[in-house]
Amino acid sequence: MTKSAELLPNTILENRYEVRKLIVAGSSTRVYLGHHVGLDQPVIIKQLRELYPDRRQAEEQSEQFQVEARLLAKLRHPNLVQVYDTFSVEGVPVLVMEMVPGRNLEQVVTTEKDLFCESTVLKWAHQLLDVLNYLHTRVPPVIVRGLQPSNIILDPSQQLRLVDFGLAKNMDEKGSGTRNIVKGLGEDGFASLEQNAYTKTDARSDIYSLGAVIHYLLTKETPPSSPQRVVAPTDPLVNPQEKNPTVSPATWSAIQQMMAIRPNERPNSASEVARLLPRGPSPTAGKRLCVNCHELLKVEQMEGVEVDICQKCGGLWLDEGELSFLRRKAETMELQAEELAKTIALPADHPAIQNLDENGPPRPFWSTVLEMLKMRGTK
Ligand SMILES: Nc1ncnc2c1ncn2[C@@H]1O[C@H](COP(=O)(O)OP(=O)(O)O)[C@@H](O)[C@H]1O
Ligand SMILES: [Mg+2]
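Residues numbered from 1 in each chain as written. Chains lettered and ligands numbered in written order. Predicted model: local features only at pLDDT ≥ 70, side-chain atom pairs only at ≥ 80, totals over all residues.

**Student:** Looking at this model, I keep getting lost on the overall build of the protein. Mind explaining?
**Tutor:** Tallying secondary structure elements over the protein gives 11 helices and 17 strands in all. Residues classed as buried in the protein amount to 32% of the 379 residues present. Nonlocal contacts in the protein, meaning residues at least 24 apart in sequence, comprise 55% of its contacts between residues at least 6 apart. (Helix = DSSP H or I, 4+ residues; strand = E, 2+ residues; numbered from the N terminus. Buried ≥ 20, exposed ≤ 12 C-beta atoms within 10 Å, placed from the backbone. Contact = placed C-beta atoms within 7 Å.)

**Student:** Whenever I open this one, the sheet that holds strand β11 (residues 152-154) confuses me. Can you help?
**Tutor:** Sheets are built from strands paired through backbone hydrogen bonds, the pairs being either parallel or antiparallel. The antiparallel open sheet is built from three strands, whose spatial order is β9-β11-β12. Looking at the sheet topology across the chains shown, the edges are occupied by β9 (103-104) and β12 (160-162). As paired elements, β9 and β11 share two bridges and run antiparallel to each other. Each residue of the ladder has a partner; that of N104, found in β11, is I153. (Pairing = 2+ DSSP bridges.)

**Student:** Sorry, what's going on with the packing of helix α3 (residues 118-136) against helix α5 (residues 203-219) here?
**Tutor:** For any two helices packed against each other, the geometry is given by the interaxial angle and the distance between the axes. For the pair α3 and α5, interaxial distance at closest approach is 10 Å and the crossing angle is 165°. In terms of orientation, α3 lies roughly antiparallel with respect to α5. The two elements α3 and α5 meet at a crossing, and its hand is right-handed. Residues E118, V121, W124, A125, L128, L132 and H136 of α3 touch α5, and the partners they reach there are A203, D206, L210, I214, L217 and L218. By residue class, the composition of the contact of α3 with α5 is 10 nonpolar, one polar and two charged. (Axes fitted to C-alpha atoms, helices over the stretch in contact; angles between N-to-C directions. Parallel < 35°, antiparallel > 145°, perpendicular 65-115°, else oblique. Left-handed = near helix turned anticlockwise from the far one by under 90°. Nonpolar A, V, L, I, M, F, W, Y, C, P; charged D, E, K, R; others polar.)

**Student:** Sorry if this is basic, but what is going on with helix α7 (residues 249-258) here?
**Tutor:** Count 3.6 residues to each turn of an α-helix, and residues three or four apart come out pointing the same way. The complete set of buried residues in α7 reads T251, A254, I255 and M258. Taken end-on, α7 shows its buried residues confined to a sector of 100°, consistent with a single buried face. Turning to α7, the residues buried within the fold contact α3, α5 and α8 (270-276). (Arc of directions from axis to C-beta.)

**Student:** What exactly am I supposed to notice about α3 here?
**Tutor:** If you check α3, its first and last C-alpha atoms are 26 Å apart, about what 19 residues at 1.5 Å a residue would give, namely 27 Å. Inspection of α3 places E118, V121, L122, W124, A125, L128, L129, V131, L132, L135 and H136 among the buried residues, and these make up the whole buried set. Its buried side turned inward, α3 meets β10 (142-143), β12, α5, α7 and α8. (Expected span 1.5 Å × (residues − 1).)

**Student:** What am I meant to see in the sheet that holds strand β8 (residues 92-98) here?
**Tutor:** Taken in spatial order, the six strands make up an open sheet running β2-β3-β4-β5-β8-β7, and their pairing is antiparallel. At either end of the open sheet lies a strand with only one pairing partner, and these are β2 (12-13) and β7 (83-89). Sheet topology note: the strand β5 (residues 41-48)/β8 ladder contains five bridges and is antiparallel. Of the residues in β8, the one forming a bridge with Q47 is V94.

**Student:** What is the right way to read the nonpolar core from this model?
**Tutor:** Generally speaking, soluble globular proteins have nonpolar side chains that are buried together. A125, L128, L210, V213, I214, L217 and M258 are the most contacted members of the largest nonpolar core, which has 60 residues in total. Ranked by residue count, the leading element in this core is α5, at 10 residues. The residue makeup of this core includes at least three contributed by each of domain 1 (2-98) and domain 2 (103-276). Excluding residues that lie within four positions of it along the chain, V213 makes contacts with L147, Q148, P149 and F190. (Core = buried A, V, L, I, M, F, W, Y, C linked by C-beta atoms within 7 Å. Domains from an automatic or database assignment.)

**Student:** What is the right way to look at the environment of I261 in this model?
**Tutor:** In this structure, I261 sits in the loop between α7 and α8. On the basis of neighbour count, I261 is assigned to the partly exposed category, with 16 C-beta atoms found within 10 Å. Along the chain, I261 and S226 lie 35 residues apart, while their C-alpha atoms are 7.0 Å from each other.

**Student:** Mind showing me how you'd approach the pairing of strand β4 (residues 29-36) here?
**Tutor:** Side-chain direction in a regular strand flips from residue to residue, so the side chains alternate between the two faces of the sheet. Here seven bridges tie strand β3 (residues 17-25) to β4, and the two strands are oriented antiparallel to one another. Of the residues in β4, the one forming a bridge with Y17 is H36. Across eight bridges, β4 lies against β5 in antiparallel orientation. When the bridges of β5 are listed, Y32 appears paired with I45. Connecting the antiparallel pair β4 and β5 is a turn made up of four residues, with D40 showing a positive phi of about 55°.

**Student:** Looking at this structure, how should I read unusual backbone geometry?
**Tutor:** Most of the time, phi is negative for any residue but glycine, and the peptide bond is trans. Following V139, the chain continues into P140 via a peptide bond in cis, with omega recorded as -5°. Structurally, P140 can be placed in the loop between α3 and β10. Its identity as a non-glycine residue notwithstanding, N15 has a phi of 65°, on the positive side. Judged by the 7 C-beta atoms lying within 10 Å of it, N15 is exposed. Unlike most non-glycine residues, Q158 shows phi in positive territory, near 70°. Mapping Q158 onto the fold places it in the loop between β11 and β12.

Spelled out as structure tokens, the structure:
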């Protein structure tokens with residue numbers, strides 16, 4: 001392999017992308033911070049670093065890179081990164097994409113001094129399952145193949161974004177296996193045995209990697225590689241609970257199934273894993289105490305939502321999903337009330353409307369929402 005020439009700061013590519021600085025030089029690519037001059041927006045410019053010395057092979061490699069880029073540009077998912085452009089600079093293929101602010105999960109894990117609790121990791125895991133499900137259900141399926149912490153960025157709104165498709169493979173039409181789009185090899189601890197052995201990979205290979213990523217996030221240690229696990233007399237993959245007491249048996253069981261050495265012993269699809277993997281400690285587990293008065297919380301149905309309620313202080317305990325459900329419902333009711341006010345043709349500032357608050361019938365739903373919003377801060 002021969003190295004391509006580095007792009008220099010201040011170079012303008014294709015009349016619109018300015019190269020600002022090199023951020024990372026990986027084994028096969030270089031990643032630069034760039035700027036879209038026309039739109040005045042930061043962008044990421046990714047350049048292939050290793051090229052085949054043979055001209056014909058290099059051309060083929062460049063063509064493959066751009067085929068992959070076009071494929072990725074068609075994908076739309078909140079946990080993916082948007083690909084904007086692809087072209088070649090002096091025969092070297094380049095990809096331009098959205099710049100995601102934040103740090104990758106490897107940086108997040110190494111800079112955070114404490115362990116992450118299971119519920120945080122499970123929230124992240126379900127986001128990744130969502131995007132894997134999207135990719136695996138494309139026709140033909142898109143297999144990431146390089147799922148590992150450094151390829152996932154945690155953005156400021158706590159969304160995970162998959163940024164590296166350097167190893168992405170596209171199942172060939174006959175479904176007989178996969179074909180390399182850009183050549184490369186996954187990182188050991190996160191790669192399934194079939195991936196480490198360069199044999200046929202499919203959606204289940206990504207499921208293995210995700211299991212390994214979850215294990216890593218819970219323990220802050222890279223799991224033993226799949227070849228290591230095969231040769232050891234007893235499997236060196238240990239229950240993350242030994243290191244992190246917040247890990248539940250259900251999570252460990254799901255990780256073990258995801259990280260089964262044989263693909264046919266793993267769950268078949270990301271949606272199957274989503275059913276298997278807990279979604280975090282449920283507020284309705286019936287075991288939680290009110291932090292205000294230390295009473296056992298009682299599960300009640302409220303406006304179609306199961307909530308934990310304190311019998312003593314009346315405090316409500318909701319998770320984010322329940323809260324946004326109720327908020328949406330409140331918004332709809334507000335709109336309906338506005339509609340109603342219009343039908344009876346009273347201006348919004350009419351005293352009769354102003355008086356509604358004091359003189360109207362009790363409105364349990366509103367007080368519920370208000371109570372709920374008050375409690376939110378103390379959760
Ligand atoms: N779109 C992006 N936005 C922000 N940072 C990115 C983006 N793409 C890559 N990076 C950063 O650059 C690093 C290397 O990029 P990556 O695409 O993983 O290249 P490589 O093929 O060398 O692994 C990532 O770990 C991430 O920190
Ligand atoms: Mg990478």
